[in-house]
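Chain and residue survey
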Amino acid sequence: MARVYNFSAGPAVLPVEVLQEAADEMLDYRGTGMSVMEMSHRSKAFETIIEDAEATLRELMNIPDNYKVLFLQGGASQQFSAIPMNLMKNGVADYIVTGQWSKKAQQEAARYGTANIIASSADQTFSYIPDCSDLPVSDNADYVYICHNNTIYGTVFHELPNTKGKILVADMSSDILSQPVNVEDYGVIYFGVQKNVGPAGVVVAIIREDLIRDDVMEATPTMLKWKTQADAKSLYNTPPAYGIYICGKVFHWIKDQGGLEAMKAHNEKKAAILYDFLDSSEMFKGTVVKKDRSLMNVPFVTGDADLDAKFVKEAKEAGFENLKGHRTVGGMRASIYNAMPIEGVEKLVAFMKAFEEANK
Ligand SMILES: *Cc1c(COP(=O)(O)O)cnc(C)c1O
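A few points on the structure. Every value quoted in this text rests on a predicted model; they were computed, and no experiment measured them.

So, how was this worked out
- As a convention, each chain's residues are numbered from 1 in the sequence order in which they are written.
- In view of the model being predicted, local features appear only for residues whose pLDDT reaches at least 70, and side-chain atom pairs are presented and counted only at 80 or more, with totals across whole chains, interfaces and linings using the full set of residues.
- In computing side-chain properties, one takes all heavy atoms of the structure into account and sets aside hydrogens as well as water.
- Helix and strand labels come from DSSP, where a helix needs a run of H or I of at least four residues and a strand needs a run of E of at least two; each type is numbered from the N terminus.
- Buried residues are those whose accessible area, probed at 1.4 Å on protein chains only, stays under 20% of the maximum for their type, while exposed residues exceed 50% and partly exposed ones sit between those limits.
- We count a salt bridge whenever a side-chain nitrogen from Lys or Arg sits within 4 Å of a carboxyl oxygen from Asp or Glu.

**Concerning unusual backbone geometry**
For residues besides glycine, phi is generally negative; the peptide bonds are generally trans as well. In this chain, glycine 10 is followed by proline 11 through a cis amide linkage whose omega measures -15°. Summarising the element assignment, proline 11 is placed in the loop between strand E1 (5–6) and helix H1 (16–24). Look at asparagine 62: it is not a glycine, yet its phi comes out positive at around 55°. Positionally, asparagine 62 belongs in the loop between helix H2 (44–61) and strand E2 (67–72). With a relative accessible area of 64%, asparagine 62 lands in the exposed category.

Structure (structure tokens):
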């Protein structure tokens, strides 16, 4: 068996212990004589799986009782529509656009109401987070929206925007469970799991109870109405059962690592190895304003497209996969999620040093 160091932005690396456990349970899940893929979502065994996944996530994130946890389908992108449909009462929302994902969310919301852009970092190719301490939040805004960690550009909100009392909605697809979060700062937190938690096909939404309503926008599909899913405990129809099962295992893995404080320490240590090197290198440069750097996604360039391509090719040959930057940005990007071991980043940096030496 040869595992590579996988720096993919998503779907991304998962803990090897989790994959091994899933492999061991593949043919006979705990005496049921079948795999989790083959069992009824109404069975006792699956009920235990989904309840345990929710309970473990609640424990890890310290989610208050007045928040619901929903396991949904459609990826993060489907919530781009579900959010305005469920939350727009006045038909107005304010978006902070810090990258492609928040831009897509804003564009989708504009189909259902007024989706103002109250701040943006588009002027500098999304390489920073705008000052959000005193924004022109609309008096009648139903919510303020952010993408907490910008997967493509490698920026993160180290400080939350001042929403002037409005509900904050956050896409945390690429940094969920990488550090502690104060859930009460948000009305809604949601994340597609394929970046930092599990296999594609599951999106988790953590929603304050009073925001789960019956009087949603008229045309909201039954499936996209959060109340449908909350009332049915995420079992309105067949859920992405196998994905939820793997997510539950990853939640336990994080708990075994020491929880979110431990994850944060691990991620800070890991990211520092790469950022310190980028700051000292003559060849490689980070593309993001230092104070807004993400712990999860690290874009960098040499400044020469041919050299970038040579680096990506040679890195792949050396067992470092998926380092090519997003197609809209170019250069390189190392995604170093929870499950990327420190050793992976140390070896990558050693490789970069050798490459720099050889290509001076
Ligand atoms: C990947 C990603 C998305 C899109 O996720 P899908 O599940 O493919 O819809 C949205 N937001 C962020 C921050 C992402 O990283």
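**Some details on the pattern of salt bridges**
Enumeration according to the criterion identifies 21 salt bridges in this entry. The salt bridge partner of arginine 111 is glutamate 108, with a shortest N-O separation of 3.1 Å. With its nearest N and O atoms 3.3 Å apart, the salt bridge here joins lysine 313 to glutamate 317. Highlighted residues: lysine 313 and glutamate 317, both in helix H8 (residues 305–317), separated by 4 residues, approximately one helical turn. By the burial criterion, lysine 313 is exposed, and glutamate 317 matches it. The structure contains a network of salt bridges with shared partners spanning Glu21, Glu25, Arg30 and Lys249.

In short, shape yes, function no, at least from these values alone.
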